[in-house]
Amino acid sequence: QWASGAAVAAAGLLKYAGLASAPLLAAGALLLCPGRAAALARVVVPPLFVWAAWAVWTQDLYGSVHFLGSAAVVTERSFSFRLFGNQAVATFVWYGAALGFPVAVWGRALLRTGRGLELALAVMALGMLVVPFVLATGEPERRYPLELGQAALAVVAFAGAAFLWAQLLLHSRVSAGGVDAFLCLWLLGFLVFSLFVNWHVNAADALLAAPPALLLLFRRSELRPTRRLSAACAGVLLALSVALAGADAVHANFYRDVARAIAAEIGERPGARWFVGNWGFQHYLDREGFRPVLPLEFAPLELSPGDWLAVPRNVAQLDVGE
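Residues numbered from 1 in each chain as written. Predicted model: local features only at pLDDT ≥ 70, side-chain atom pairs only at ≥ 80, totals over all residues. Heavy atoms only, no water.

Novice: Can you walk me through the environment of His-171 in this structure?
Specialist: With respect to the secondary-structure elements, His-171 resides in helix 8 (residues 148-171). The sequence separation of His-171 and Arg-220 amounts to 49 residues, and the corresponding C-alpha distance is 7.8 Å. (Helix = DSSP H or I, 4+ residues; strand = E, 2+ residues; numbered from the N terminus.)

Novice: How do you make sense of the pattern of salt bridges when you look at a structure like this?
Specialist: Where side chains of opposite charge bring their charged atoms close, a pairing between them can arise. Taken as a whole and assessed by the stated rule, the structure comprises 2 salt bridges. Two residues, Arg-220 and Asp-180, come together in a salt bridge whose shortest N-O distance is 2.3 Å. Of the two residues, Arg-220 is situated in the loop between helix 11 (210-219) and helix 12 (227-266) and Asp-180 in helix 9 (residues 179-197); the sequence distance between them amounts to 40 residues. Judged by relative accessible area, Arg-220 falls into the buried class, the value being 8%. Counted as one network, the salt bridges with shared partners bring together Asp-180, Arg-219 and Arg-220. (Salt bridge = Lys/Arg side-chain N within 4 Å of Asp/Glu carboxyl O. Buried < 20%, exposed > 50% of the residue type's maximum accessible area, 1.4 Å probe, protein only.)

Novice: Looking at this structure, I do not really get the packing of helix 5 (residues 81-99) against helix 7 (residues 117-134). What am I missing?
Specialist: The description of two packed helices rests on the angle between their axes and on the distance between the axes. At a minimum axis separation of 10 Å, helix 5 and helix 7 run at an interaxial angle of 120 degrees. The orientation of helix 5 relative to helix 7 falls into the category oblique. In the packing of helix 5 onto helix 7, the handedness of the crossing is left-handed. Residues Gly-85, Asn-86, Val-89 and Val-93 of helix 5 form the contact with helix 7, whose own contacting residues are Val-130, Val-131 and Val-134. When the residues that make up the contact of helix 5 with helix 7 are grouped by side-chain class, the tally is 5 nonpolar, 2 polar and no charged. (Axes fitted to C-alpha atoms, helices over the stretch in contact; angles between N-to-C directions. Parallel < 35°, antiparallel > 145°, perpendicular 65-115°, else oblique. Left-handed = near helix turned anticlockwise from the far one by under 90°. Contact = heavy atoms within 4.5 Å. Nonpolar A, V, L, I, M, F, W, Y, C, P; charged D, E, K, R; others polar.)

Below is the structure:
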């Protein structure tokens, strides 16, 4: 339990989405551990202590608590029907498409004539109704209307995720307490996080709820996939993971090559070198001697006529005034 508390503390500092692991482990301590009060303290006190120290230090360093820097994105976001509907549908689409096995479980139900066929058809019909109309917009307005092939994939992914969640929650004895209740809370907590806390949805978020879905799936003999289906899912997802790693490498190399090309094109000409951006773009331009333009609330703008400023289109999260 102490090790879990230390791991949660580290998770929150490595990436702020890791802050969500504190309530998850707290629920686990209360539902699964003997000596609940002591277990809860061991799991929750270390991260609260570490995060409080981090808050105090960043408040002193920056004049504001660092992990609250994006709080306005959450508290001031729009929950209009159009935008919230987009977020809800996108959550299920990403969940089904990114994890793969929900689509496989749904497809198996379609091929069978027994229990679950009606639900499998119903969620497919629901997906055909909501995906084309809801997923074409977003916040910010950056999504293009779906093409036919993309819409078909989105419908299948939505149907897989909706079918899996319905099956798991219908077959789980939540009221009995213990492991099932903990895993269902994990699933529902992911849904709350995706809909109300996170301001966008992507494949990485879906991974946060893969473990409880798999554990619930294999705890029920009537839901448990066959070894052959499990092996097929693992093989397909392994291939996709390797392809994703390759795409990531190409992306990183592109940042590196562009940074070198920008520095070489400027050469020895006068003028300070600046950039706006983050991730790999920031890393490689740092190595070429470029300095970041900071937001005006943190530092005055130091640009002068004749300076050079590199601004990427897709990773620039800061506007530079005229």
